[in-house]
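Survey of secondary and tertiary structure
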Amino acid sequence: MLRQVAEGVLIHESEFCQSNAVVVQGRAGVLLIDPGVLGYEMAAVANDVRELGRPVVAGFSTHPHWDHLLWHARLGEAPRYGTARCAATVRDRLSDARAKVRIAEQLIPPDIAEQVPLDLLGLITGLPAEMAQIPWDGPQVRIIEHQAHAPGHAALLIEERGVLVAGDMLSDVLIPMLDLNDTADPIEDYLAALRLFESVAGDVDVLVPGHGSIGGADQVHARIDQDRAYVHALRDARVPSDPRVGPSAAFDWMSGVHERQLQQLARRSERDGTPG
Ligand SMILES: [Zn+2]
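Computed from a predicted model, the values in this text were never measured in an experiment.

Analysis parameters
Each chain has its residues counted from 1, following the order in which its sequence is written. This being a predicted model, a pLDDT of at least 70 is required before a residue's local features are given, and a value of 80 or more before pairs of side-chain atoms are given or counted; all residues contribute to the totals for chains, interfaces and linings. Values reported for side chains reflect all heavy atoms of the structure, with hydrogen atoms and water molecules removed beforehand. In this description a helix means any DSSP run of H or I spanning at least four residues, a strand means any run of E spanning at least two, and both kinds are numbered starting from the N terminus. Under the rule applied, a polar contact is a pair of N or O atoms within 3.5 Å (in protein, one hydrogen donor and one hydrogen acceptor; residues adjacent in sequence only if both atoms are side-chain atoms). Working rule for contacts: check all heavy atoms of both residues, and any pair within 4.5 Å makes them a contact. By nonpolar core is meant a set of buried Ala, Val, Leu, Ile, Met, Phe, Trp, Tyr and Cys residues that side-chain atoms within 4.5 Å join together. Summary of the burial criterion: residues with accessible area below 20% of their type's maximum are buried, those above 50% are exposed, and those between are partly exposed, where the area comes from a 1.4 Å probe applied to protein chains only. Following DSSP output, two strands are said to pair if at least two bridges run between them. Sites may look incomplete because water is not among the atoms; the donors themselves are N, O and S atoms within 2.8 Å of the metal, or within 3.2 Å for Na, K and Ca. Multiplying 1.5 Å by the residue count of a helix minus one yields the expected span of that helix. Simply put, an axis is a line fit to the C-alpha atoms, just over the touching stretch for a helix, and the angle between two N-to-C directions goes from 0 to 180 degrees. One speaks of a salt bridge when a side-chain nitrogen belonging to Lys or Arg is within 4 Å of a carboxyl oxygen belonging to Asp or Glu.

With that settled, consider the side chain of Thr62. With respect to the helices, strands and loops of the structure, Thr62 is situated in the loop between β5 (56-60) and β6 (80-83). Of note is the side chain of Thr62, whose polar atom sits 2.7 Å from the side chain of Asp34. Here Thr62 is in contact with Ile33, Asp34, His68, Gly152, His153, Ala154 and Gly167, once residues within four sequence places are set aside.

Following this line, the structure appears as structure tokens:
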């Protein structure tokens, strides 16, 4: 199941939406980032980790969306972290009794709903905002928090391995999806996050997006530029020339996502009386 992408860093790509789970080997066990989506896949990852002879000693969710908040009993009971803002958002969204039913009915595609175990969804411990690294016994993992795509979204930089775990950005298959819910300036939030990535790009040999193909060093700037060009096109209500939407797109629903983002931004600017 697991494929090594750098020394001590392995990934599993899910059948669902090319989601990438990331395993980082530490001294006493492994860190598991965004464990996966389908129950049998997470169970298989748990088996593979067991074969490495090391338990899961920590988990991390990059952001508060259902497909990054799952867990499987066979992965054990390690603490699962996220940024404080991610954890607070999850708590808020799961606070009423029908929250999981709503997620199952409205967010998870019906064809996989039965295969997504929700019992351990979102049990995240928030790390204090001033904590710059994941607290664990392994290679240093720097937390790069920003507000693009979702509240308290964190990319993770494993510096000594040259790996950037980007969360739901810098994908070759998904366009930038803005957080248009409660944010004052979703376009600027996104551009600011891309600037953060740019500031660490020189340290990155392997880029792991939340969904899509792993990129090499040559892909880092290319994907930052591609995401920025899309966000600029969206801001200016121009038609993006972007392979992720249109006839060659990996996912045919991506053009619908693009249209909805255009409409929601237009509605916002009408409401606010300002462009963007
Ligand atoms: Zn995702």
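Moving on: the nonpolar core. Counting residues in hydrophobic clusters, the biggest one holds 52 residues, and the most contacted among them are Trp66, Val116, Leu164 and Leu170. Secondary structure elements with two or more residues in this core: α2 (84-93), β9 (153-158), β10 (163-167), α4 (186-200), α5 (217-235) and α6 (254-272). Considering each element in turn, this core owes the most residues, 7 residues, to α4. Those residues in contact with Leu170, other than ones at most four positions away along the chain, are Leu164, Leu194, Phe197, Leu207, Pro209, Arg223, Ile224 and Asp227.

Another aspect to go through is the sheet that holds β10. Spatial ordering of the open sheet is given by β8-β9-β10-β11-β12, a layout of 5 strands whose pairing is mixed. In this open sheet, the two edge strands, each paired with only one partner strand, are β8 (141-146) and β12 (215-216). Judged from the 2 bridges that link them, strand β11 (residues 206-209) and β12 form a sheet pairing that is antiparallel. If you follow Leu207 over to β12, its bridge partner there is Gly215.

The zinc ion binds to the protein through Asp67 (OD), His68 (NE2), Asp168 (OD) and His211 (NE2); the donor distances cover 2.1 to 2.4 Å. Summarised as a motif, the one-chain spacing of the donors to the zinc ion is D-H-x99-D-x42-H. Since its relative accessible area comes to 11%, Asp67 is described here as buried. A relative accessible area of 2% places His68 in the buried class.

Take α5 next. Each turn of an α-helix holds 3.6 residues, which means side chains three or four residues apart point in the same direction. Between its first and last C-alpha, α5 extends 28 Å over 19 residues, near the 27 Å set by a 1.5 Å rise per residue. Considered for burial, the residues of α5 that qualify are Val220, Arg223, Ile224, Asp227, Arg228, Tyr230, Val231, Ala233 and Leu234. Contacts made by the buried residues of α5 are with α4, β11, β12 and α6. Downstream of α5 by a residue or two, Ala237 has a phi angle that is positive, lying close to 50°.

This part is about the sheet that holds strand β3 (residues 20-25). Note on sheets: strands pair through backbone hydrogen bonds, and any given pair is parallel or antiparallel. Across the sheet, which stays open at both edges, the 7 strands sit in the order β1-β2-β3-β4-β5-β6-β7 with mixed pairing between neighbours. Taken across any chain shown, the strands that pair with only one partner, and hence form the sheet edges, are β1 (3-6) and β7 (125-127). With strand direction ignored, the average angle separating the axes of adjacent strands in the sheet is 30°. Sheet topology note: the β5/β6 ladder contains 2 bridges and is parallel. Within β6, the position partnered with Phe60 by the bridge is Tyr81. Across the sheet, α2 touches β6 and β7, and the angle it forms with β6 is around 105°.

Below, the discussion takes up the environment of Ala97. By secondary structure assignment, the location of Ala97 is in the loop between α2 and α3 (99-107). Taking the C-alpha atoms as reference points, Ala97 and Val239, 142 residues apart in sequence, are found 42 Å from one another.

Before going further, it helps to spend a moment on the side chain of Ser61. Its place among the elements puts Ser61 in the loop between β5 and β6. Here His68 takes part through its backbone oxygen, which lies 2.6 Å from a polar atom of the side chain of Ser61.

This structure, assessed with the given rule, holds 10 salt bridges. Across the pair Arg228 and Glu198 runs a salt bridge, and its minimum N-O distance is 2.8 Å. Residue Arg228 is found in helix α5, and its partner Glu198 is found in helix α4; the two are separated by 30 residues along the sequence. For Glu198, a relative accessible area of 31% puts it in the partly exposed group. Arg228 is paired through a salt bridge with Asp225; the nearest N and O atoms lie 3.2 Å apart. Taken together, the positions of Arg228 and Asp225, both in helix α5 and 3 residues apart, correspond to about one turn of that helix. Taking the relative accessible area as the measure of exposure, Asp225 reaches 40% and is therefore partly exposed. Among the charged side chains, a network of salt bridges with common partners joins Glu198, Asp225 and Arg228.

What follows deals with the pairing of β6. Taken residue by residue, a regular strand's side chains alternate between the two faces of the sheet. Bridge count for β6 against β7 is 3 bridges, and the pairing is parallel. When the sheet's bridge partners are listed, Tyr81 is paired in β7 with Thr125.

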